[in-house]
Amino acid sequence: MPLPKAELHLHIEGTLEPELAFALAARNGVALPYRDTEELRRAYLFDDLQSFLDLYYGLMAVLRTEDDFAELADAYLARAAAQGVRHAEIFFDPQAHTARGVPIGTVVEGLARALDAAEERHGVSTRLIMCFLRDRPAAEAMETLEAARPYLDRITAVGLDSAEVGHPPSKFREVYEAAAALGLRKVAHAGEEGPAAYVAEALDVLGVERVDHGLRCMEDAELVARLARERVPLTLCPLSNVRLRAIDTLEAHPLPRMMDAGLLCTVNSDDPAYFGGYVGDTFHAVHEALGLDPERLRELARNSFVAAFLDDDEERRARLIAEVDAYDFAADDAG
Ligand code: ADE
Ligand code: ZN
């Protein structure tokens, strides 16, 4: 049995495996600029975040119907459950779909169908986090929030993703204020490619409860001390950082130093279909490459439940943390 864990940084569109992409393309009559799954996979060599985003948004053309979104999410949940995920907080990018003429209702209803069945089918509790695309205008994010109003009972939080540099968190101050007024919780990507100052801005201007990535906080010792003192969770994605060249090699990832600095770190898969592994694979990889011992892996798994939006089900949080604490690594492997 794998180590129980929560996944808190996962773009559902980033779980689109080449096989499903081609199946949906055939079903929906969408022509893809790749001959087959091998040619598509060969294109997964990225120079930076933007080069990934270009391919990621392009491949979304195959996602058209409620069934497509339900299938995508169910496939992710099955894979995640097999790797020990017991709770998943799932990002989606409504603007990437509405811009192609797919209504937000199609996206949310499709995802919700899979998520509603997830606890019984896969033993995974779920939350949905609606992300705004930071490289598009703030006014469009506000329109997206408005369009999401009929579905807010399905959405736990708002997030901020896409191309980071040049699009600081402060651009979305009003949108986040409006989201909070609607009872939504707040997270944001910051410090992935953008500077440490964006991490501070996400906290001070947007009032986020967790920082997605937050990697570059390490360039500002005072910020690190603050994040540690305030117990701000960071949702790190080590395999993503290597594939998008934020870090040269996994062996050079600062995760151990971040944990030593007292940061509340979690590890996650980001876009697992593109970056070489799901979250269990990520735990294995950091164990191998960074020499994190079982107690360090246990700390990461415990942190994932501590940082989860499970405030409405503290009993489940406590039960899952107890499972992590009782987990016997000797009976399994690195988790
Ligand atoms: N959208 C999907 N994956 C992302 C990432 N790693 N950073 C920013 N936006 C994203
Ligand atoms: Zn991300």
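Residues numbered from 1 in each chain as written. Chains lettered and ligands numbered in written order. Predicted model: local features only at pLDDT ≥ 70, side-chain atom pairs only at ≥ 80, totals over all residues. Heavy atoms only, no water.

**Q** Before we move on, could you go through the pairing of strand β5 (residues 185-190) and cite the residues and values that matter?
**A** In terms of burial, β5 is a largely internal element, five of the six residues being buried. Here strand β4 (residues 157-161) runs beside β5; their pairing, made up of two bridges, is parallel. By the bridge assignment for β5, Ala 157 is matched with Arg 185. A crossover links β4 with its parallel partner β5, the connecting element being helix α8 (residues 173-181), and its sense is right-handed. Note that the unit made of β5, helix α9 (residues 196-204) and strand β6 (residues 210-213) has a crossover that is right-handed. (Buried < 20%, exposed > 50% of the residue type's maximum accessible area, 1.4 Å probe, protein only. Helix = DSSP H or I, 4+ residues; strand = E, 2+ residues; numbered from the N terminus. Pairing = 2+ DSSP bridges. Right-handed = clockwise from strand over helix to strand, strands pointing away.)

**Q** I'd like a description of the sheet that holds strand β1 (residues 5-11), backed by residues and values.
**A** What links the strands of a sheet is backbone hydrogen bonding, and the strands pair in either a parallel or an antiparallel sense. Across the sheet, eight strands lie side by side as β1-β2-β3-β4-β5-β6-β7-β8; this open sheet has parallel pairing. Among the strands making up the open sheet, the edge pair consists of β1 and β8 (264-267). Going from strand to strand, the sheet's axes swing by 25° on average, the running direction of each strand aside. Alignment of β1 against strand β2 (residues 85-92), held across five bridges, turns out to be parallel. Paired with His 11 across the strands is Phe 91, a residue of β2. (Axes fitted to C-alpha atoms, helices over the stretch in contact; angles between N-to-C directions.)

**Q** Report on the packing of helix α15 (residues 294-306) against helix α16 (residues 314-326), specifying residues and quantitative values.
**A** Between α15 and α16, the least distance of the axes is 9 Å, while the angle of their chain directions is 180°. With respect to α16, the element α15 is oriented roughly antiparallel. On the side of α15, the interface is formed by Arg 298, Ala 301, Arg 302, Phe 305 and Val 306, while α16 contributes Arg 317, Leu 320, Ile 321, Val 324, Asp 325 and Ala 326. Among the residues forming the contact of α15 with α16, the class breakdown is seven nonpolar, no polar and four charged. (Parallel < 35°, antiparallel > 145°, perpendicular 65-115°, else oblique. Contact = heavy atoms within 4.5 Å. Nonpolar A, V, L, I, M, F, W, Y, C, P; charged D, E, K, R; others polar.)

**Q** Describe the coordination of the zinc ion (ligand 2), listing the residues and the values that go with them.
**A** Protein-derived coordination of the zinc ion (ligand 2) comes from His 9 (NE2), His 11 (NE2), His 189 (NE2) and Asp 270 (OD), at a distance range of 2.1 to 2.3 Å. Seen from the zinc ion (ligand 2), its four donor atoms lie at angles of 83 to 174°, and the figure they make is irregular. Read in sequence order, the donor residues for the zinc ion (ligand 2) give the motif H-x1-H-x177-H-x80-D. Note that His 189 is positioned in strand β5 and Asp 270 in the loop between β8 and α13 (272-275), a separation of 81 residues in sequence. (Donors = N, O, S within 2.8 Å, 3.2 Å for Na, K, Ca; no water. Tetrahedral: all angles 85-135°; square planar, octahedral: opposite > 155°, others 65-115°.)

**Q** Give me the environment of Phe 91: which residues, what numbers.
**A** Mapping Phe 91 onto the fold places it in strand β2. Ignoring sequence-local partners within four residues, the contact set of Phe 91 consists of Leu 8, His 9, Leu 10, His 11, Ile 12, Glu 13, Ile 129, Cys 131, Val 187, His 189 and Asp 212.

**Q** Tell me about the site of ligand 1, and name the residues and values.
**A** With respect to spatial proximity, the complete set of residues near ligand 1 consists of His 11, Leu 49, Phe 52, Leu 53, Tyr 56, Asp 161, Ser 162, His 189, Glu 192, His 213, Asp 270 and Asp 271. Between His 11 and ligand 1, the recorded distance is 3.4 Å, taken from a side-chain N or O atom to a nitrogen atom. A distance of 2.7 Å separates a nitrogen atom of ligand 1 from a polar atom in the side chain of Glu 192. If ligand 1 stood free it would expose 260 Å²; the protein chains cover 100% of that surface. Taken together, the residues of the shell around ligand 1 break down into four nonpolar, four polar and four charged. (Near = heavy atom within 4 Å. Polar contact = N/O pair within 3.5 Å; in protein donor to acceptor, adjacent residues only side chain to side chain. Areas by Shrake-Rupley, 256 points an atom, 1.4 Å probe, with all protein chains shown as cover.)

**Q** For the nonpolar core, give the residues involved together with the corresponding values.
**A** Core analysis: the largest hydrophobic core is formed by 110 residues, its most contacted members being Tyr 76, Leu 255 and Tyr 274. Counting residues per element, this core draws most heavily on helix α6 (residues 104-122), at seven residues. Those residues in contact with Leu 255 that lie beyond four places of it in its chain are Leu 236, Cys 265, Val 267, Val 286, Leu 290, Leu 292 and Leu 300. Listed in part, the six residues of the second largest apolar core include Phe 91, Cys 131, Ala 157 and Phe 309. (Core = buried A, V, L, I, M, F, W, Y, C linked by side-chain atoms within 4.5 Å.)

**Q** Break down the packing of helix α4 (residues 66-82) against α6 for me, citing the residues and quoting the values.
**A** At a minimum axis distance of 7 Å, the contact between α4 and α6 shows a crossing angle of 30°. In this structure, α4 crosses over α6, and the sense of that crossing is right-handed. Residues Glu 66, Asp 67, Phe 69, Ala 70, Ala 73, Asp 74, Leu 77, Ala 78 and Ala 81 of α4 form the contact with α6, whose participating residues are Thr 106, Val 107, Glu 109, Gly 110, Leu 111, Arg 113, Ala 114, Leu 115, Ala 118, Arg 121 and His 122. In the contact of α4 with α6, the residues fall into eleven nonpolar, three polar and six charged. (Left-handed = near helix turned anticlockwise from the far one by under 90°.)

**Q** How would you sum up α4? Please name residues and give values.
**A** Look at α4: 25 Å from first C-alpha to last across 17 residues, which is about the 24 Å you get at 1.5 Å a residue. Within the sequence span of α4, burial applies to Asp 68, Phe 69, Ala 70, Leu 72, Ala 73, Asp 74, Tyr 76, Leu 77 and Ala 80. Taken together, the buried residues of α4 touch β1, α1 (18-28), β2, α5 (94-98), α6 and β3 (125-133). With its phi angle positive at about 95°, Gly 84 sits one or two positions after the end of α4. (Expected span 1.5 Å × (residues − 1).)

**Q** How would you explain the pattern of salt bridges if you had to name every residue and give the values?
**A** The final tally for this structure, using the stated rule, is 27 salt bridges. With a closest N to O distance of 3.3 Å, Glu 66 and Arg 113 form a salt bridge. Of this pair, Glu 66 sits in helix α4 while Arg 113 sits in helix α6, and the two are 47 residues apart along the sequence. A salt bridge links Asp 325 to Arg 302; the nearest nitrogen and oxygen atoms lie 2.8 Å apart. On the criterion of sequence distance, the pair formed by Asp 325 in helix α16 and Arg 302 in helix α15 is long-range, its members being 23 residues apart. On the basis of relative accessibility, which here comes to 27%, the residue Arg 302 falls in the partly exposed class. The structure contains a network of salt bridges with shared partners spanning Arg 185, Glu 209, Asp 311, Glu 314 and Arg 317. (Salt bridge = Lys/Arg side-chain N within 4 Å of Asp/Glu carboxyl O.)

Coordinates in, geometry out; function isn't part of it.
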